[in-house]
Every structure is written in C-alpha cells, then in structure tokens.
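Architecture and fold: a report
Listed below are the residues making up each chain.
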Protein chains: 4
Amino acid sequence: MLQKDRAALCPPMGWNSWDCYGASVTEEALMQNARFMAEHLKPYGWEYVVCDIQWAEPTADSCEYHPFAALAMDAYGRLLPAPNRFPSGFRAIADSIHAMGLKFGIHIMRGIPRQAVYLDAKVLGTDATARDVAAPYHECHWNTDMYGLRRELPEAQAYYDSIFALYAEWGVDLVKVDDVARTDYNPADSYDGATDVEMIRRAIDRSGRQMVLSLSPGPAKVERAWHLCQHANMWRITDDMWDRWPQVKAMFERCDAWQTHVRPGCWPDCDMLPLGTLRMFNGGEPCLLTRDEQRTLMTLWCMFRSPLMMGGELTRCDAFTLSLLQNEELLYLDQHGVGARQLSRSGEEAAWEAQDERGARYVGLFNLSDTDRKVQAAPSWLAQGAWRAREVWSGALLERPGASLSAQLPAHGCALYKLEEEGE
Amino acid sequence: MLQKDRAALCPPMGWNSWDCYGASVTEEALMQNARFMAEHLKPYGWEYVVCDIQWAEPTADSCEYHPFAALAMDAYGRLLPAPNRFPSGFRAIADSIHAMGLKFGIHIMRGIPRQAVYLDAKVLGTDATARDVAAPYHECHWNTDMYGLRRELPEAQAYYDSIFALYAEWGVDLVKVDDVARTDYNPADSYDGATDVEMIRRAIDRSGRQMVLSLSPGPAKVERAWHLCQHANMWRITDDMWDRWPQVKAMFERCDAWQTHVRPGCWPDCDMLPLGTLRMFNGGEPCLLTRDEQRTLMTLWCMFRSPLMMGGELTRCDAFTLSLLQNEELLYLDQHGVGARQLSRSGEEAAWEAQDERGARYVGLFNLSDTDRKVQAAPSWLAQGAWRAREVWSGALLERPGASLSAQLPAHGCALYKLEEEGE
Amino acid sequence: MLQKDRAALCPPMGWNSWDCYGASVTEEALMQNARFMAEHLKPYGWEYVVCDIQWAEPTADSCEYHPFAALAMDAYGRLLPAPNRFPSGFRAIADSIHAMGLKFGIHIMRGIPRQAVYLDAKVLGTDATARDVAAPYHECHWNTDMYGLRRELPEAQAYYDSIFALYAEWGVDLVKVDDVARTDYNPADSYDGATDVEMIRRAIDRSGRQMVLSLSPGPAKVERAWHLCQHANMWRITDDMWDRWPQVKAMFERCDAWQTHVRPGCWPDCDMLPLGTLRMFNGGEPCLLTRDEQRTLMTLWCMFRSPLMMGGELTRCDAFTLSLLQNEELLYLDQHGVGARQLSRSGEEAAWEAQDERGARYVGLFNLSDTDRKVQAAPSWLAQGAWRAREVWSGALLERPGASLSAQLPAHGCALYKLEEEGE
Amino acid sequence: MLQKDRAALCPPMGWNSWDCYGASVTEEALMQNARFMAEHLKPYGWEYVVCDIQWAEPTADSCEYHPFAALAMDAYGRLLPAPNRFPSGFRAIADSIHAMGLKFGIHIMRGIPRQAVYLDAKVLGTDATARDVAAPYHECHWNTDMYGLRRELPEAQAYYDSIFALYAEWGVDLVKVDDVARTDYNPADSYDGATDVEMIRRAIDRSGRQMVLSLSPGPAKVERAWHLCQHANMWRITDDMWDRWPQVKAMFERCDAWQTHVRPGCWPDCDMLPLGTLRMFNGGEPCLLTRDEQRTLMTLWCMFRSPLMMGGELTRCDAFTLSLLQNEELLYLDQHGVGARQLSRSGEEAAWEAQDERGARYVGLFNLSDTDRKVQAAPSWLAQGAWRAREVWSGALLERPGASLSAQLPAHGCALYKLEEEGE
C-alpha cells in the first residue's frame, strides 16, 4: 500500500455541488448541504462536502461557463473563492464543515489561469512568471479559465506546489482535478494528463496535508490503470453521468473493464449520483430515472465499490431518495465489500457477485433490457453449500435457492440477494 | 473458478513449432522435440508439444503461406494433417506424445476453409453446406485458407462442433486459435472475434475433452479482459514476438496493463520464447538477443506468469539456452507465483515484485535503457523486516539490504532478488 | 485530345439495367429497352444499352448477390453471359442492338473470378494460371465473385487483355468497370484503383476496338482528376444515386467540386437517372422524387454535362418521364453546352450558368431548401446586354430581366432561363 | 469575372519577408528590399513588398513566436506596427513604397487579439467588446496572439470591417491572411476557415480599396476550389515551402491536382521562392537547393502560373539568383501563359505544356528521380506541324524535333522547350 492510499481506504462518500448548482454554487448552498449531511447522513458514512467548478468566478449563475470572465485571484496567480459567493472564504468554510465532523473538498482545473498569464503574475517562490510556465496549446478545450503548464519546467511544479500549499492552509481534504483524466481528450495537441497527475501528486505530498486526489472527467484508459493507482485515489471511468438510463446501462461495460482495479486507496469512479432534486439553477428538476433504474444504479455502484458522491440537493431529498442514501446494507457493501466481480453480461442482462467481510455473499441480477425479463445466475459456490437468501431491496426471503438464483425483473430493474450459509 | 479454468491451473509450458519451422513443421520435427522434452525438460514442468499453422498444406516449406494452396480436407470441410508431412496422422502422433507423458496441441484458424466453400462441402450433422455458413467479408486478411463464419447461424456452431469433435477423437490437449484475439484487426469489416471465441468455447465444452484454449495473435484489448477470462485459458497480449530487444522492452508496457488479469485458468500470453536455434527453414539461426536480454525476458515472463512456449528447436539447444529452460527457481515463480505486480516503470527502467507460495518474496530490477544504469526499488515491506537476499541469476548474497534494493545493471539487463526473512 | 477521348466526345447517353433489374437483367429485358430506345429516344441522342452486374450468374433474381454462386466461365477464367438468361449470347445481342443503330455496353468487376482461382484456370497466352495472378487481399468487399490482380505481374495485364479481346469480338461499345473508382474503398488493404485503371486502359487500346471506359462506384477523388481524365471517359463522382432528394441535393456539392474537370472525352458522372419505373425485381416501383425534384435533377445533370444513363424501365415510361427524356433544349445543353459553372451555392440554394454553341446563355436557379423561396442570380454579363429570357420548363417569357434573374421556387424546385440577346 | 478578380489579373509578383526575416522584419529591411526591387526587378514585373507575421510584436527577433508577448494595439483591439520596429508607421511606409511605383502588402492572422479580449476592448462602431465576439476554442494552434471570432455575430464582421478600414487608410495593396486556408488544421475543434474567408472578403469590399486577398497556409482542399475562387485571389496549395528538394518534388502532385483552377483573379499558390540568401535571423543562409533544383522550381512555378513571392534578401542576391528573377521568358509564361497542363507524371518524371499569348508553345520536361534520366514527351500537336525548338535555360536550338521531345536530364533537373512554327 502506498502512502497516498491512506487518504481513501474506503470509497469516498459525500456530496458534490455540480449536479444541482453547476458553476453557481455558493457558501450558503454548501453549508445547508453540510448541515443536512451532518444531521441525516453522517451516521451512514457520508462525510465529504465538495465545492465543484468555478468558485473563483463572481458572475457564474448556471451550468454554463462565461468565457473570459474575470476571476478572483491572488498576486501569485492562485485562484481564490469569489468573495460575493463565498463571503467567509474557504478556510472558514472548511473550519465550519470540520466542526460538524465532516470533510471539505474543492474542484480545480489543471493548469494556470489565463488571467495570471495576461497579468504576468509571479510564480510563488521562483523567479518565473505565469508567462514562463504556461503552455498555450495544452489549454482546456471547454473552459477558458486556464492554460496548460510547461511540464518540463521546475517552475511549473512550483506553481502546483503553491496552490496545494494554499489548499493545505485552508484545510482542504479532497481535491477533484478536472480536464486531466481522459488522456486522449484532444488528439490535435497530443496532451497527455499523466505528467500533470504526477506533478499534482507531488504537490499534495509536499503540502504536508492528506488530501484525496480525484481525477475527472473520464473515461480514463484501462491500460493506464497502474499509473492511476500509483498516483490518484479515484478517477472517472466515464464521461459526465446524468440521470439518463443509457448512461446507467453503459456503466455496466465500464465496470466490467475496470473490476480488477478496485482496491483500498484506488477507486475507479462511476461519477456522481444524479438522484433527488437536480439542476437547482433551472429551479430544481427531479431525477429522471425511474425507481427501478435508481435501484439498479445504486446496486451496481455499491457492488463495484465506486466512490459515492450525491449530486442532488440534500435539503430537497424526498423519502425515496433518502432511503437510497440510508440503505445500510448497500453502503456496507460499497465501503467494505470484498471480491466483487461480474458473473455475466450481455446487451440484455448482467449479474455480479461480491462478499462482505462478515462472510455473507451477494448476487446482483440486472435486467438491462427494455422489457420484463427473467435473469439468472449460477455461481459455482451456490450449489456447494446450503444457503439462506434474502432480496435486499424487497426483503423477500428465498429458502434453499439450489444451484441458481433467478428473478423476474422489470425493465431496467434489479434484484440483490444476500446469502448466508445456514447454520451460521 | 470456471470449469474451463481447470485445463490450465498453471501457465501452460511447452514447445511450439512456429519460431523454428514456420508453416513447414513435420511429424519428424514434432517427434524429435517431443523426445527431447520428455528426456530433458519434462522434470521441469514442460509438457505441451504444439503443432503450429498450415499442417493441412502439403507444399508448405517456410514461414510463407502459399495463396490458394490445396489443403488436406475431409468430406465435411474439416482440415486434416497433410499425409506427406504427417504420415502417421494426428491421432497416432498424439498417442505417441501421450505415451511420453506429454500433451499434444494444434493450431487452427478461425472460420471454414475457402476450399470447403468452393467444393460446397456439407456441414456435419446439418443440412447446410459450407456456402451457407461462410461469411466472405469476415475472412482472414493475411492467409487465404479460410472464410469467416456467419455467426448468427446454428449451422456455423455445428461446423465448429464438428472440428472440435474430431480434435477430441485425436486426443488434442491444447488448441491455439489464430486470427481471433485482436478484435480490431481489420477496421474495414467490423469483425469482432468475441463471437468466434464464444462459439469455440462451446464447441470445446461439447467435445467432452478438456483442452486448453489459446488465442492469437494480439494485442488483445484490456477492456475485454473479463470476456477473455470467461472463455479462454490464454490470449496473446502482443503481436508476434521475435528475438529483438524492442519487442522485449515493449512487453513491459503490456505486462503493466494486464497485471491484474492473471489468475488460474486465465493467462495473458507474452508469446513464444524466441530462444536457442530459430528459423530452421533458413537453416537454423541463433537467437539475436544478448544473454542479458534473454535473462530479462525470462525474468519478466516468469514474474508476470506468462505461459511459456519454447520457440527454438530443442535438439539444438546450447548449454546457456538449456540453463534458462531448466532454471527451477524461475519456473517455480512462473508456475506458482503469487501477487506479482509492477513496482515502477519509466522508459528507462522497471521493477516488479512477487511472492511464492512458500513465503519468499522476489524483486526484479530491469534496466530498459541502452547504457549501464543503477536501478532501485523500495517496496514498503522491505524496511519492515529483516531479510536475507540472494540474486537468482548470479547467486550473489546480499545481507541486510535495508530499505531498498539496488543494482548496477548493464544495458537491457536485470537482477532478480529472492528475499527470505531471517530466522525462518 | 487523347485518342481515348474520341470514344466519348459528348457525354454518353443511354439506358442501364441496374435501377430496374439489379443483378437479374435478361436478354429479353435488354432487347425490349433497346427496341423502345430505337423507336422513341434515338432521335434525341440516346444510344447505349448497358447490361449491368452479374450477367454471368445463372441464379441472380434481384438486386442481391448470391455469395459464392457458380458463374458461367470459359477455360481461361473469362466470365460469359449465363446461357439461361442470355440465350443468344452477347455477340448476337450486340449485333441486334447495332442493327437498330444503337450501341452495346456491359458491366464488369475489376479482378479475376475466385472461381477461376479455385479451378486454377490458365491465363490466355501465358504460362500462368489464375492462382499466380490473383491478389487475395485486394478482393472486392461487397461481392464474392472476384479476387484482385497482382498488378506487378505482366500475366495480370494479360488477363485483362484477354477479356477485352473477347469484348471486342462481341462488339462491346462501353465497359462500366466496377469496384475501381473509389480509391479509399477499403482503408484496411491499401487498395488503390489507379493501377487497375491503367491496365484496363491498356487492354482496351490493345483490343483494337473503341470502347467507352466508365468507372464505378464513386466518389472518385477530385485530387485524382488528371489521372482519371488521362485514362477513362467517365467516372462516378458519388456513391450509388437513387430516387431520394438528399442524394439529389448532395450532387450540388459534388458538381461544385468537379465543374472544372468536364471536357470532351472526360465526363464526371452523376450516376444513373432513377426516373420512371424502377426496381422491377420488386414488381416495378415508381420513382419517389417529386416532379420538381426530377426537373431539378435533369437541369443540374444537363447543365453540368453529366453522362445520362436512364435507370427506369423504358417500356413503362409515363408521359411525364418521357417528356424529361425528350426535352431537346435540355439535352442539347448536356451534349453541346459550353462553359458551365456554378454562380453561387449555399445550403439553401444554388445557381449555375452555361452557354450553348449557338450563343444562347442559360441560368439555372435551384431551391435546395424545404420551403418556398425566392432565388436570384446576377451574372455580370446580364447587366451588360439587352436580353430576352425564356424559362425552359414553363415556356414563360421574361422581357428585359435587368441586372438579375430571380424566381419564386417551390421546395426542391428549379427554373432554367435561356437568354438570347435582343436583335439577334 | 468577379470584381475581386481585378485585384490580381496576373499572378502577383513580389517579395515577402518571411523566408529571410521570420517574425523579426523591420522598416529598414522592408525599405532596402523595396529600393532594390524598384531598381533591379520592377522592370521585370515585380511589384509587391510584403511585410509578414508579427509586425505588432516589439520583441520579435527570429522565426520563433514569443508566447503571450505584449502587442502594439489601438483602443479598438486593432494591432498596430510595433513603433520600435516600424518607426514611420505603415501609412508612411506604404507611401514611400508607392512612390517607388511599387505596392505594399501585410500579413495578418484571422481572429481578434487575445490581448484585446483581456483588455475587453470595444469593437469599433458597435456596442460589443472583444470578449463578446471572441471564440476561445477556435484559436490558432501555433501562435498565441489571437482568438477566433464568433462568426454568427454581426459584431464579429464589424471587427474585420474595422481592421480593413484601417488597412485601406494605410494604403495596403495586399493582405496575406494566415491560419485560414487549411480547413482541417485542427480536427479537434471543427474549425472551418470558409466563414472567415467570406467575412474578410466582405470587409475588403467594404473598405473601398482594392486589395489582393492571399490565404495561408495550405494545403487548401481542392474540393473547395470554387469557394476559394469566389472569394480570394491566391491561396496556398501546400504547407510551408522551404529550400528542400522533397518539397519541390511534392509540388508536382499539388500542381497536378490544381491545374484546372488557375485563372485571372484566382491563383493557387505554390508559396514563396526560397532562393538566394535566406534566414537572415541566423546570419543569412544560402539556399540549399542545387541550381538544377532551382531551375526546376522556377520552371514549374512559372508554367503553372503560381504567384511569385521572392523569399530571399534581395540586396544579397548573387548573379545566379538574380538571373532567375530576371528571366523574361519564364516570367512572361507566369504572367501571360495560356492553357498550361500536365502531360504526364510518375514518381520519376513529369512533363507539362503551355502556350503564350503570342502563339509559342512550351514543353517542360522534369527529372524527379535521383539519377540521370532521359525524359520524353509527345504532345499530339508536335507531329502535326513543323516546329523550331529552343531550350530556354541553355538556349540550345533543336531543329525539327519530330513527334516527340526528349532530353537527358541530371537528377532533379529540367528542360524547357519553346516551340514556334516554322515560317512564322
């Protein structure tokens, strides 16, 4: 186990502002979610409150970015939370969140602000300026805030060191680095995120503070699994995930590809949970997934052991959504599952198995098709013992299942069986 | 563990005719290698004698294929060993090899012979003919023997069933299926090998005989690892491997990508060992790798637990080559290693660690650069115990290595340390 | 002017069997269309009767190909018309067509029959056989009849020479060579049609008979214009064209790209006219283009000077269709136009101008949008003279148009103005 | 003929600063070349003095660009010549050049300065600012000066209008627009130069001053020929051309593709003449092409009728270089040739023919191979008349050439025959 693994021995669980606030999250929004989490979700393991993109931009008001917007920034080209949106500043916010027994995370883009380049800001602790270290043709291709960094220069490392030193001062516990995990993002400029990841790893280590390193967006390449495991704690294995069934379904293929790369400190990330009330900047829209689809999503994420970052506004959670976030059995599987693996997969169905540390075995059956369907799995251990089965979502008991488990499932629905040996 | 895994609980070890005989292998060549293996290598675990490509072609005489050559074939479009090259037939050859305590393998191409299509041969046990089941635009793109099969037809499965029934009769223990593992081989025809692999798996299972299923050529895609593990026993993770250093070096990247997919019954395959005397059709050419490069190759293959298929003509083995094939410690690691993983890798060097079932730990250091270089590794367990180290290739002892292991290595060279806890 | 240009000093006009008979054309169909042409269309310049694909295949019965079907062939691997479909043979059919004052064309695929390869037929006038000259990996990717030819071998040229000698004996006047004009047809095998085109040019020249060389399918590459002009008489500038508006509309882009490459002996080809009664193998389906779309098609084809090959069954022509084929003014523009060029083009509209040899000027206005639209053009010569204008399709007169021509056009409709200077 | 064609009825001839001064050209360099041109080259038709890239950048000193350099700019985001490099300003420079009877050209990049965006400069004559009209993801990918423009906005057109109004005030006669002719420059951002070209055309027309519009860099796509002819006067058909033989040789393929698109007002551009003394920023390097290669270059450029922009420092011209620039016969062919076309081309040789307006015919023979070679051409008119031939470069006379012209040519060499009918 590497030192950096200790920052995330279990898949991180928390809330992230993107799905409900886009670029426009405020201190108020952060704090009301933190308070809700402390009160209702902390006992279930939820702990991170993550402020997503554009916190330095005073005029952000939706999920759109404002090209060339002026950003809050210090004299060393380090972005600061926009005072009109985060009047207390991130240090005080982190303190408040810590005081609730929770943790604080922030989002950053790789690189250095274009604004720092135009102001030719000094890089802290060096003789170089932003113009010296910026890489103009490795810029982000969907947001105008940043240029890339000239990775061959020690002063570029110094810039990263300077921002993580600041984050350590603030008391940040998790950093989600954006525009870095998908190495073929822009084939025209041959940008490869690997070097940025290494530099950021080094900057965190030098900061003296333990922080979870989360990489975005995906899909990360599975050939790069070793490198990712070596440097990061979680990395997106897909592009942005929203409340649409085809995206949930597509995740089964991604989890298939990544299943052997899940281990303490190293968490392939299925992205936020787009559940409950989303898109507050549009007035608050309810999740468009059916309840069956939401159960399927939760079951896959938890068996696979993805990080769990709730995307919906917590204070608007209805009872069903809350029941998903407070399902102790499922969350236990996510946090403490062992040996999860896919049993079968086709375009129409899938099955997974996992164990927990207490000896129970789990089998998940998934109907990926658009009509009712009987789905079946026959892991070899099933016939070799005498099992007692209970379906987790319904509580239904199934005595002596025999050599196979099967369920008649609605379209996009699932069953999750927990099996315990009789006589235990 | 799947039923098919039992055919290869350890990485298969044997000899394959391609590197020395190309398309022109004969019964005589097979038998002389079998006899040598029985006498000199069997005690070390070597057991498969594999007859590679073009055994049905009477005029094959080198590593080149003869376009449109007439093939030996039965009335059901099933290829037979060319009588002039294999006068005893494969059943008798298999019997002889089995009598030596060894196992017999053959190579096939996916699909159905073009010759069967032109003769419109009947598919055994069906009313269909070869013309009905052949898929003309999914043919092989580097050999004219075969068309693809129309995978949607049960009669296509019947054809595969019919050939594997024959192989079971012959007593075949391993089948290397060619033109099937690299799913993007021919982007123009959208051929995907996955369905052929499933059909062949089914045909083997129906044959009633346990056979190792080996897929070629690579590179297989790591995203497909689960599917490959589910159906095959070994699959090539590279294109053809020859006695050239850049190919050995490139394997470090492939092993990095595949390291978490190695387990009993499922063996990512680094391809044949191009050692000793190769290319007998050119008169017999000595391996062009230096001794350092050969040791590096053997160390990586064995730590990674690749199948080991000797490519050189066994009866021409010199003492050095034989010492590689009889290195018990190394072969034990290949056959019974545990937890092998890459510790580090750059363009210039790499390090791996592994354990064996008896508690010993191994660290391999590799100099991938073209000049002398000091290579170092510091796995965390090293500092936590009191170890006794021995370099496997040289036998040199290293008392109390401390927190790291290092070695001054020649270009392309390696060191393999075996570490045992003191006092044990 | 090159010698080969004399075979097609004007754009060839005729009838082709593909659009109505697919692969299943017969002697009877050829002859009934020839008789109709001789009687009703010959005075308007129509002269070629072209037998399209699969005439050697006895069982062809639709527009589908039968994989691996047995073909009529002579001892030298040269395909012959299937006797059941063409009982008189092509020599007698050509004689009959010639006796009507018309010309006879046939379709061929590039390459050599796979069947000749399996029978190992001799190549006429050489010691080589089909197996020697066939190129297995340059085969056609949508029809199983042929392999490619190994273009580096003189015996491959001899094969082409042998088939064109036969066509000269038959009295063939036009050969449409298929699978040859689109050089990037199959990126996986790096096939380039240029060498086949050169070989076929040579074979025609050696045959001693003048034949129009027509290349198919497109799109040919405009970078290759010089090479095509040097060797062929017409070549497809699009993929197959059918009776669908998007394909008509797309032709405006193609004509834009090719407009400077139109000259006697060299005719970029917009493909057959899918007019009247099509798809006789489905019982005869009426053209799905509206009358406006058909007029637009005819106006573009004729201004651009495309070859005109009627695709519909002639004996089933209704009065409207016949009026298109007998429009003398339009056909004169096609056969004798001068200086055609695009005046303007956007996604919604286009305008072209042309002249005829007698001093008249033409302006075509085209509404490419899906709603009514006023389309306008103002060629500079218009304001510089005193013109008398007549709209060709409606006959409407327009005195003194001034500096621009405009028309309110229905969706997909056109206007074609013929302008003559007053006082002439 | 379009109005814009009148700006360039013959291929523009002049001098461009790039090949000798890169980004670092100064007023002094411009003026010394202008004076040399006026004295030595103007009688031969040379007239444009073109100031290439980076004239707004005070610190430019080589062919490299300085990322993020501060630029001279007015309050409306319009770049100005850097006062330290062009103390008199462009209006005075243009006046001086005009006074010599010459013309003045400048280079610009498409788009709007990034610096204008950061300063949020107003767009002249509108309420918009640079931030409103800039398109951040359509920026140039090899120079940091500019962003793209949001082409859907009238204010973006207004920006172009504002800069061309300034150029008209200055008295600019030619504008070379960069980063615009190669439409697939950056596949990742789907940038298409066509709209910029249309906007710039409109801005020139609105400026009230006739200016040659030259587009760079290539290769432009030949499918776009019509659009280019409609809007520009010259456009690069290759990437940057330097003094290397492979680039000269490659131009034969480009001229083949573009030969039918050459006409008054529309000149496919083979790029600057890298002759004489180049790269003054490296101290002045002599052209690396052999004399044979230089003659081949000049012969092809002039037969094809490319614009001729001398790249070497004029005041450093040696006698041989000067003889190329003063070859009246060759320049006459470039300026007044008719009907130039390729006769033949292979990897080893090429032949072209052309005529002049006075009845003479020309045949160029080119040896593209690396060894001596006899090259031959037999245009059909040759055998049909009685001709008198003279080789232009050597002056050698050839009486009665017969049906073909041939020459033994050194590697990369050429012969250019001028043929006149006897008795004329």
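Residues numbered from 1 in each chain as written. Chains lettered and ligands numbered in written order. Predicted model: local features only at pLDDT ≥ 70, side-chain atom pairs only at ≥ 80, totals over all residues. Heavy atoms only, no water.

Considerations on the packing of aromatic side chains
If you walk through the whole model with that rule in mind, you get 66 aromatic pairs over all chains. Ring geometry for Phe304 of chain C and Trp352 of chain C: centres 6.2 Å apart, planes at 90°, overall edge-to-face. Highlighted residues: Phe304 of chain C in helix 10 (residues 291–304) and Trp352 of chain C in strand 15 (residues 349–355), separated in sequence by 48 residues. The residues Phe304 of chain C and Trp352 of chain C share a single accessibility class, namely buried. Both rings, one in Tyr167 of chain D and one in Trp170 of chain D, keep their centres 5.4 Å apart while their planes meet at 35°; by these two values the pair is tilted. In this pair, Tyr167 of chain D and Trp170 of chain D both sit in helix 6 (residues 154–170), three residues apart, roughly one turn of the helix. Residue Tyr167 of chain D is classed as buried on the basis of its relative accessible area, which comes to 4%. For Trp170 of chain D, a relative accessible area of 9% gives the class buried. Through pairs of rings, three or more aromatic residues link up here, namely Trp55, Phe86, Phe90, Phe104, Phe164, Tyr167 and Trp170 of chain A. A cation sits over an aromatic face here: Arg358 of chain A above Tyr332 of chain A, 3.7 Å from the ring centre. Over the aromatic face of Tyr147 of chain D sits the side chain of Arg114 of chain D, whose NZ or CZ is 4.8 Å from the ring centroid. (Phe/Tyr/Trp six-rings, centres within 6.5 Å; stacked < 30°, edge-to-face > 60°. Helix = DSSP H or I, 4+ residues; strand = E, 2+ residues; numbered from the N terminus. Buried < 20%, exposed > 50% of the residue type's maximum accessible area, 1.4 Å probe, protein only. Lys NZ or Arg CZ within 6 Å of the ring centre and 35° of its normal.)

Concerning the side chain of Lys4 of chain C
Position of Lys4 of chain C relative to the elements: it lies in the segment before strand 1 (13–16). Leave out the neighbours within four places in its chain, and Lys4 of chain C touches Arg201, Cys229, Gln230, His231, Ala232, Asn233, Gly265 and Cys266 of chain C. (Contact = heavy atoms within 4.5 Å.)

A word on unusual backbone geometry
Ser216 of chain A connects to Pro217 of chain A through a cis peptide bond whose omega is -20°. Here Pro217 of chain A lies in the loop between strand 8 (212–215) and helix 8 (225–231). With a phi angle near 65°, Asp179 of chain A is a residue other than glycine that sits in the positive phi range. Secondary-structure assignment places Asp179 of chain A in the loop between strand 7 (174–178) and helix 7 (194–207). Look at Asp179 of chain A and you get buried, because its relative accessible area is 6%. Positioned with a positive phi, Asp120 of chain C is a non-glycine residue whose angle comes to about 55°. Overall, the relative accessible area of 32% leaves Asp120 of chain C in the partly exposed class.

Thoughts on the environment of Gly413 of chain B
All names here are of chain B. Along the chain, Gly413 falls in the loop between strand 20 (405–409) and strand 21 (414–421). You can call Gly413 buried: its relative accessible area is 0%. Taking the C-alpha atoms as reference points, Gly413 and Gly312, 101 residues apart in sequence, are found 22 Å from one another. Contacts of Gly413, omitting those with residues within four sequence positions, involve Asp292, Thr296, Leu365, Phe366 and Asn367.

Some remarks on helix 6 of chain D
Residues and elements named next belong to chain D. Helix length check: helix 6, at 17 residues, gives a terminal C-alpha distance of 25 Å against a target of 24 Å (1.5 Å per residue), a fit within 8%. Among the 17 residues of helix 6, 13 are classified as buried, and the element is accordingly described as predominantly covered. Directly after helix 6, the chain includes Gly171, whose backbone phi takes a positive value near 90°. (Expected span 1.5 Å × (residues − 1).)

Structural notes on the arrangement of the chains
With no contact between them, chain A and chain C keep their nearest C-alpha atoms 21 Å apart. A gap remains between chain B and chain D, with no contact made and the closest C-alpha atoms lying 21 Å from each other.

Things to note about the relation of the copies chain B and chain C
Least-squares fitting of chain B to chain C yields an RMSD of 0.0 Å, with the superposition described by an axial translation of 0.0 Å and a rotation of 180°. What the rotation and shift describe, once combined, is the action of a two-fold rotation axis. The residues that chain B uses at the interface reappear at the interface of chain C in 100% of cases, marking a shared surface. (Least-squares fit on C-alpha atoms with pLDDT ≥ 70 in both.)

Description of the domain arrangement of chain A
The accessible area lost on association of the parts is a frequent measure of interface size. Residue and element names in this part refer to chain A. Examined at the domain level, chain A breaks down into domain 1 (3–326) and domain 2 (343–421). For domain 1 and domain 2, the distance between their C-alpha centres works out to 34 Å. Taken residue by residue, the interface counts 17 residues in domain 1 and 20 residues in domain 2. Of the roughly 1500 Å² buried between domain 1 and domain 2 on both sides combined, carbon and sulfur atoms contribute 73%. Broken down residue by residue, the surface that domain 1 buries against domain 2 is led by Phe252, Thr299 and Met303, which jointly contribute 39%. Linking domain 1 with domain 2 are one salt bridge, by the criterion used here. Its salt-bridge partner being Arg345, residue Asp256 comes within 3.0 Å of it at the nearest N-O pair. Linking domain 1 to domain 2 there are six residue pairs in polar contact (both at pLDDT 80 or more). Counting only elements with at least two residues in the side of domain 1 that touches domain 2, the list comes to helix 9 (245–258) and helix 10 (291–304). Here the element with the most residues in the side of domain 1 that touches domain 2 is helix 10; it accounts for nine residues. Its residues assigned to classes, the side of domain 1 that touches domain 2 comprises eight nonpolar, three polar and six charged. (Domains from an automatic or database assignment. Buried area = accessible area lost by both parts, 1.4 Å probe. Salt bridge = Lys/Arg side-chain N within 4 Å of Asp/Glu carboxyl O. Polar contact = N/O pair within 3.5 Å; in protein donor to acceptor, adjacent residues only side chain to side chain. Nonpolar A, V, L, I, M, F, W, Y, C, P; charged D, E, K, R; others polar.)

Re the relation of the copies chain D and chain A
Rotating chain D by 180° and moving it 0.0 Å along the rotation axis overlays it on chain A with an RMSD of 0.0 Å. Interface overlap between copies: 100% of the residues of chain D at the interface are likewise at the interface in chain A, consistent with a symmetric, same-surface contact.

A short note on helix 2 (residues 27–41) of chain A
The end-to-end C-alpha separation of helix 2 of chain A is 20 Å, in line with the 21 Å expected for 15 residues at 1.5 Å each. Considering only its buried residues, helix 2 of chain A is in contact with strand 1 (13–16), helix 1 (18–21), strand 2 (48–51), helix 3 (89–99), strand 3 (103–109) and helix 11 (319–325) of chain A.

A few points about the layout of surface pockets
The calculated volume of the second largest pocket comes to roughly 980 Å³. Every residue lining the second largest pocket is counted, 42 residues in all, and those nearest its centre are Thr260 and His261 of chain C together with Gln259, Thr260 and His261 of chain D. Mapped onto the lining of the second largest pocket, the elements with two or more residues apiece are helix 8 (225–231), helix 9 (245–258), helix 10 and strand 14 (338–345) of chain C together with helix 8 (225–231) and strand 14 (338–345) of chain D. (1 Å grid on protein atoms, 1.4 Å probe; cavity = no way out; pocket = protein on both sides within 12 Å on 5 of 7 lines; lining within 4 Å. Points joined across faces, edges and corners; volume = space filled by probe spheres on them.)

Some details on the sheet that holds strand 4 (residues 112–113) of chain A
All names here are of chain A. Read across the sheet, three strands follow the order 4-6-5 without closing on themselves; strand pairing throughout is antiparallel. On the outer flanks of this sheet lie strand 4 and strand 5 (134–135), each paired with one strand and no other. Two elements, strand 4 and strand 6 (residues 146–149), share two bridges in a ladder whose sense is antiparallel. Paired with Ile112 across the strands is Tyr147, a residue of strand 6. (Pairing = 2+ DSSP bridges.)

What about the sheet that holds strand 6 (residues 146–149) of chain C?
Pairing is antiparallel across the open sheet formed by three strands, whose spatial order is 4-6-5 (chain C). Two strands close off the open sheet at either side, each with one partner strand: strand 4 (112–113) and strand 5 (134–135) of chain C.

Regarding the interface of chain D and chain A
In this complex, chain D contributes 22 residues to the contact, which on the side of chain A involves 22 residues. With both chains or domains summed, chain D and chain A bury close to 1800 Å², and 62% of this area falls on carbon and sulfur atoms. Interface area lost by chain D to chain A is led by Phe68, Tyr118 and Tyr137 of chain D, which between them contribute 42%. Summed over the shared surface of chain D and chain A, the number is zero salt bridges. Our count for the contact surface shared by chain D and chain A stands at 10 residue pairs in polar contact (both at pLDDT 80 or more). Of the residues assigned to the side of chain D that touches chain A, the class counts are 14 nonpolar, five polar and three charged.

So, the interface of chain B and chain C
With 22 residues of chain B in contact, the opposing surface of chain C contributes 22 residues. Counting the contacts that link chain B with chain C gives zero salt bridges. Our count for the contact surface shared by chain B and chain C stands at 10 residue pairs in polar contact (both at pLDDT 80 or more). Per-element accounting of the side of chain B that touches chain C gives the leading share, four residues, to helix 4 (residues 114–119) of chain B. Across the side of chain B that touches chain C, the residue classes tally to 14 nonpolar, five polar and three charged.

Re a negative patch on the surface
Taken together, the side chains of Glu223 and Glu253 of chain A together with Glu223 and Glu253 of chain B present a region of like negative charge at the surface. Mapped onto the elements, Glu223 of chain A comes out in the loop between strand 8 and helix 8. (Patch = residues over 30% accessible without salt bridge, like charges linked within 9 Å, V, L, I, M, F, W, Y side chains within 5 Å. Areas by Shrake-Rupley, 256 points an atom, 1.4 Å probe, with all protein chains shown as cover. Lys, Arg positive; Asp, Glu negative; His and termini not counted. Charge placed at Lys NZ, Arg CZ, Asp CG, Glu CD.)

Observations concerning the state of the cysteines
The full count for this structure, using the stated rule, is zero disulfides over all chains. Cys229 of chain A takes part in no disulfide bond, and the closest cysteine sulfur, belonging to Cys266 of chain A, lies 3.8 Å away. For Cys229 of chain A, a relative accessible area of 7% gives the class buried. Here Cys51 of chain B is not disulfide-linked; the sulfur of Cys20 of chain B is the nearest cysteine sulfur, at 11 Å. Using a relative accessible area of 0% as the deciding quantity, one classes Cys51 of chain B as buried. (Disulfide = S-S within 2.5 Å.)

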